[in-house]
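# Architecture and fold: a report
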Amino acid sequence: MSWLSSSQGVVLTAYHPSGKDQALGGNHGKGGEEATTSRRYGQYTMNQEITKVMERPPFDRSSSQDSLDELSMEDYWTELENIKKSSENRQEDQEVVVVKEPDEGELEEEWLKEAGLSNLFGEAAGDPQESMVFLSTLTRTQAAAVQKRVETVSQTLRKKNKQYQVPDVRDIFAQQRGSKEREPPDGTESQSVRTEENKYQGKDDQASSLAVGKKELTPLVPEEAPASETDINLEVSFAEQAVNQKESSREKIQRSKGDDALLPSFRLPKDKTGTTKIGDLAPQDMKKVCHLALIELTALYDVLGVELKQLKAVKIKTKDSGLFCVPLTVLLEQDQKKVPGTRIPLIFQKLISCIEEGGLETEGLLRIPGAAVRIKNLCQELEAKFYEGTFNWESVKQHDAASLLKLFIRELPQPLLSVEYLKAFQAVQNLPTKKQQLQALNLLVILLPDANRDTLKALLEFLQRVVDNKEKNKMTVMNVAMVMAPNLFMYHTLGLKSSEQREFVMAAGIANIMHLLIKYQKLLWTIPKFIVNQVRKQNTENHRKDKKAMKKLLKKMAYDREKYEKQDKSANDADVPQGVIRVQAPHLSKVSMAIQLTEELRASDVLARFLSQESSGVAQTLKNGEVFLYEIGGNIGERCLDDDTYMKDLYQLNPNAEWVIKSKPS
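Conventions we followed
Positions within a chain are numbered from 1, following the residues in the order the chain's sequence is written. With the structure being a predicted model, the display of local features is reserved for residues of pLDDT at least 70 and the display and counting of side-chain atom pairs for 80 or more, all residues being used for whole-chain, interface and lining totals. As a rule here, side-chain values come from all non-hydrogen atoms in the structure, and water together with hydrogens is ignored. Helix numbering and strand numbering both begin at the N terminus, where a helix is a DSSP run of H or I of at least 4 residues and a strand a DSSP run of E of at least 2. Note on areas: Shrake-Rupley, 1.4 Å probe, and residue coverage restricted to the protein chains presented here. Residue burial is assigned from relative accessible area. The probe radius is 1.4 Å, only protein chains are included, and a residue is buried under 20% of its type maximum, exposed over 50%, and partly exposed in between. A strand pair is defined by DSSP finding two or more bridges across the two strands. Only buried residues count toward a nonpolar core. Its members are Ala, Val, Leu, Ile, Met, Phe, Trp, Tyr and Cys residues joined through side-chain atoms within 4.5 Å. What counts as a domain boundary in this text is fixed by an automatic or database domain assignment. Contacts are residue-level and defined by heavy atoms, with any inter-residue pair within 4.5 Å sufficient. By definition here, a salt bridge exists when the distance from a side-chain nitrogen of Lys or Arg to a carboxyl oxygen of Asp or Glu is within 4 Å. Interaxial angle, 0 to 180 degrees, is taken between N-to-C directions of lines fitted to C-alpha atoms, where a helix line uses only the stretch in contact. pLDDT runs from 0 to 100 and stands for how confident the predictor is about each residue. For Phe, Tyr and Trp, rings pair up if their centres lie within 6.5 Å, where Trp contributes its six-membered ring, and each pair is then called stacked (planes under 30 degrees apart), edge-to-face (over 60) or tilted (otherwise). Only when the NZ of Lys or the CZ of Arg is both within 6 Å of the ring centre and within 35 degrees of the ring normal is a charge said to sit over the ring. By definition, disulfides here are pairs of cysteine sulfur atoms that lie within 2.5 Å. Throughout this entry, Asp, Glu, Lys and Arg are counted as charged residues, while Ala, Val, Leu, Ile, Met, Phe, Trp, Tyr, Cys and Pro are counted as nonpolar. The remaining residues, Gly among them, count as polar. Should an angle fall under 35 degrees it is taken as roughly parallel, and over 145 as roughly antiparallel, whereas 65 to 115 is taken as roughly perpendicular and any remaining angle as oblique. If you view the pair so one helix is near and one far, a crossing is left-handed when the near helix is turned anticlockwise from the far one by less than a right angle, and right-handed when it is turned clockwise.

### Regarding the overall build of the protein chain
- When its secondary structure is counted, the protein chain shows 24 helices and eight strands.
- Total accessible area on the protein chain stands at roughly 30500 Å², and carbon and sulfur atoms take up 48% of it.

Structure representation (structure tokens):
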């Protein structure tokens with residue numbers, strides 16, 4: 001159950017406490033009477049009926065309970081107290097974000113829009129064939145998630161007596177349903193299907209390439225070769241993996257007790273076609289990735305029986321200038337006038353820099369709060385002098401800088417984890433295994449707006465550097481997670497008629513999510529291969545469709561079709577022998593080079609050959625990450641290759657691609 005469960009409109013406000021605020025657990029109405037003042041922990045306030053809560057719920061461990069013990073939660077409750085105290089010294093204008101829980105059908109309608117399927121319903125409804133390419137690449141569980149929401153929207157629109165029709169999408173999913181009906185009644189797949197699917201597991205170029213109208217539409221986890229507990233399988237849909245694992249014995253969720261040793265050492269198996277990170281794909285392909293990630297996340301939650309409800313900020317009153325209580329997008333617009341191309345707010349970068357200049361070995365870093373009065377004065381001074389460049393950073397104490405960093409996060413008008421997906425982040429704790437929690441977090445990170453995701457990445461990288469000095473600063477990954485969780489997740493028990501024990505479990509849950517975000521951050525910024533392959537499949541089908549339309553147009557215009565087809569065929573392989581690729585490098589001394597493909601040739605080898613032609617100074621500069629090898633065209637828009645990509649394997653996956661060495665766009 002989320003902290004935001006009411007179906008009524010809820011007002012979230014930025015950090016705007018007053019001296020009239022009451023202490024936690026004090027002066028609440030007796031006998032369940034409505035409290036007369038709101039409770040504020042920091043950035044957001046919910047003006048709802050307040051149930052009696054305790055400052056620190058007593059902990060009564062049962063034999064089956066696996067949440068964190070009270071001693072290890074001490075940092076969490078202490079941080080809440082510090083936030084409460086700091087609120088008494090902040091008197092900012094109220095910044096309002098109104099969040100509404102959607103009515104019946106509205107949630108599903110909004111979901112379909114975000115999944116890129118708005119043309120399946122409403123006034124914009126068109127020929128369902130337009131979505132056939134997209135839908136044909138979906139797995140069984142993804143298709144079920146889409147169908148469920150389309151049917152809900154259809155029923156809702158009929159109830160409202162809308163004039164327009166909702167397309168019947170049953171035919172679109174007939175193939176998936178047909179394959180389901182052919183399965184044994186106990187839900188297990190036939191041996192023939194498993195044998196067919198096992199072929200995919202041995203082929204990088206077909207791991208999740210989904211053939212329309214064939215059995216291979218639903219990738220499965222091989223029965224005889226289950227993935228190791230320490231491996232994260234990115235080649236097969238997470239929801240499909242969950243289906244296959246559901247009947248097997250469930251992995252017991254381990255709760256860390258202050259050290260990261262109890263968490264599994266998850267790793268990504270090597271992929272010869274290269275690992276794809278967020279930021280490696282062109283915008284048009286990244287948009288498709290986000291559509292698929294939302295569908296996959298929903299399918300995963302559906303399979304595991306966890307409710308996924310998105311919220312939406314329907315009305316926002318925010319500052320349009322300044323540093324604190326300012327939306328990330330507004331901050332970046334301001335900052336990009338000063339530093340073109342910057343992706344992380346300058347004040348955020350400077351606060352981290354200030355903390356690091358004081359040394360990350362300081363004991364209690366992030367845990368020990370700065371002086372509240374000084375923090376208030378520093379905020380006012382920063383607002384006035386930061387952009388003028390006259391603020392004296394040498395006067396800022398390290399613990400004050402850490403408090404300012406946490407304050408900045410809390411005072412964002414919308415949470416860093418976004419209004420839309422905050423509940424989904426919180427619901428991660430309800431997933432049964434650590435691996436599934438990690439898979440969900442991976443998809444959620446992909447779904448965050450660019451500004452939120454980039455800022456979160458900078459924060460997590462900084463937190464990891466703090467943890468790296470735990471021997472000196474006494475801040476383990478769990479200590480840091482405890483301190484940062486209430487700042488990042490804006491944890492509340494308001495409006496929830498929950499027991500004190502439930503409040504404790506909820507707090508432990510979000511602290512553990514914070515733990516996962518810090519420990520596995522490198523993995524979380526990886527785009528799963530099965531999603532990249534679905535994008536490739538969509539692009540292939542769209543190209544085929546466009547090519548067919550072009551041929552019809554050329555025929556109609558009486559052009560020489562044979563000449564066109566010949567040109568089209570030779571466009572990418574003109575004068576290049578079989579087994580050789582031509583790599584372009586327009587900004588280097590050697591602008592083009594034909595390279596023989598071998599089993600061991602990697603992207604780093606291709607770069608090395610070009611850099612060997614440069615002068616020593618230029619080559620050294622370029623080695624430091626200035627240029628990268630790109631895969632462009634064919635079945636992908638554009639993709640930056642990691643150094644360990646095996647070129648022959650990738651060439652077999654995308655033989656029509658062009659290969660270009662260039663710098664990454666800022």
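### Structural notes on the pairing of strand β5 (residues 592-596)
- Burial along β5 is one-sided: Met-593 and Ile-595 are buried, while Ser-592, Ala-594 and Gln-596, pointing the other way, are not.
- Pairing geometry for strand β4 (residues 580-584) and β5, over five bridges, is antiparallel. Within β5, the residue paired with Val-580 across the bridge is Gln-596.

### Focus on the nonpolar core
- Membership of the largest hydrophobic core comes to 132 residues, with the highest contact counts inside it found for Tyr-301, Leu-366, Leu-463, Leu-488, Phe-489 and Met-514.
- When residues in this core are grouped by element, the largest group, eleven residues, is from helix α8 (residues 283-303).
- Each of two domains, domain 1 (72-89 + 100-119 + 128-158 + 231-245 + 268-313 + 423-480 + 496-557) and domain 2 (317-413), supplies a minimum of three residues to this core.
- With near-sequence residues (within four places) excluded, Leu-463 lies in contact with Leu-366, Val-480, Met-484, Met-514 and Ile-518.

### Description of unusual backbone geometry
- Located in the positive-phi region is Cys-325, a residue other than glycine, with phi close to 65°.
- Relative to the elements of secondary structure, Cys-325 occurs in the loop between β3 (312-317) and α9 (328-338).

### Section: the pattern of salt bridges
- Here the structure, examined in full by the defined rule, presents 22 salt bridges.
- Between Arg-140 and Glu-240 there is a salt bridge, and its shortest N-O distance comes to 3.0 Å. Placement of Arg-140 in helix α4 (residues 140-159) and of Glu-240 in helix α7 (residues 238-246) is noted, with a sequence separation of 100 residues between them. Of the two residues examined, Arg-140 and Glu-240, each falls in the buried class.
- Residue Arg-267 is joined to Asp-231 by a salt bridge in which the shortest nitrogen-to-oxygen separation is 3.1 Å. On the criterion of sequence distance, the pair formed by Arg-267 in the loop between α7 and α8 and Asp-231 in the loop between α6 (191-201) and α7 is long-range, its members being 36 residues apart.

### Section: the sheet that holds strand β7 (residues 636-640)
- An order of β5-β4-β8-β6-β7 is seen for the five strands of this open sheet, with the pairing classed as mixed. Sheet topology places β5 and β7 at the edges, where each strand pairs with a single neighbour. With strand direction ignored, the average angle separating the axes of adjacent strands in the sheet is 25°.
- Helix α22 (residues 603-611) contacts β4, β5, β6 (628-633) and β8 (658-662) of the sheet and is inclined by roughly 135° relative to β5.

### Focus: the confidence of the model for the protein chain
- Scored by pLDDT, the protein chain has a mean of 74; 63% of the residues are at 70 or more.
- Between the elements of the protein chain, mean pLDDT differs from a low of 35, seen in strand β1 (residues 10-13), to a high of 97, seen in helix α15 (residues 450-467).
- Below a pLDDT of 50 lies the segment residues 250-261, which in the model reaches 38 contacts outside its immediate sequence neighbourhood of four places, other chains included.

### Let's talk about the packing of aromatic side chains
- The final tally for this structure, using the stated rule, is seven aromatic pairs.
- With a centroid separation of 5.6 Å and 50° between ring planes, the pair formed by Phe-348 and Phe-408 is classed as tilted. Here Phe-348 is found in helix α10 (residues 346-357), whereas its partner Phe-408 is found in helix α12 (residues 398-410), with 60 residues between them in sequence.
- Judged by relative accessible area, Phe-408 falls into the buried class, the value being 2%.
- Relative to Trp-393, the ring of Phe-386 has its centre 6.4 Å away and its plane inclined at 85°; by these criteria the two rings are edge-to-face. One exposure class covers both Phe-386 and Trp-393, and it is buried.
- Through successive ring pairs, a cluster of aromatic residues spans Phe-386, Tyr-387, Phe-391 and Trp-393.
- Between Arg-149 and the ring centre of Trp-111, over which it is positioned, the NZ or CZ distance is 5.4 Å.

### Digging into the state of the cysteines
- Counted according to the given criterion, the structure contains zero disulfides.
- For Cys-325, which is in no disulfide, the shortest distance to another cysteine sulfur is to Cys-379 and amounts to 8.7 Å.

### Some thoughts on the side chain of Asp-400
- Position of Asp-400 among the secondary structure elements: in helix α12.
- Beyond its immediate chain neighbours, meaning those up to four positions away, Asp-400 contacts Gly-370, Ala-371, Arg-374, Ile-375 and Leu-378.

### Remarks on the packing of α12 against helix α17 (residues 477-489)
- Remark: α12 packs on α17, axes separated minimally by 8 Å, with the N-to-C direction vectors making an angle of 30°. In contact with Lys-406, Ile-409 and Arg-410 of α12, α17 contributes Val-483, Met-484, Asn-487 and Leu-488.
- A per-class count over the contact of α12 with α17 returns four nonpolar, one polar and two charged.

### What to know about the side chain of Thr-298
- Locating Thr-298 in the fold gives a position in helix α8.
- The exposure class assigned to Thr-298 is buried, which follows from its relative accessible area of 1%.
- For Thr-298, the residues in contact, after removing those within four places along its chain, are Trp-111, Ala-145, Arg-149 and Leu-308.

### Let's talk about the packing of α10 against α12
- As a packed pair, α10 and α12 sit with axes 8 Å apart at the nearest point and diverge in direction by 150°. In terms of orientation, α10 and α12 fall into the roughly antiparallel class. In this structure, α10 crosses over α12, and the sense of that crossing is left-handed. Facing α10, whose interface residues are Ile-347, Phe-348, Leu-351, Ile-352, Cys-354 and Ile-355, α12 presents Gln-398, Ala-401, Ala-402, Leu-404, Leu-405, Phe-408 and Ile-409.
- Taken together, the residues that form the contact of α10 with α12 break down as twelve nonpolar, one polar and no charged.

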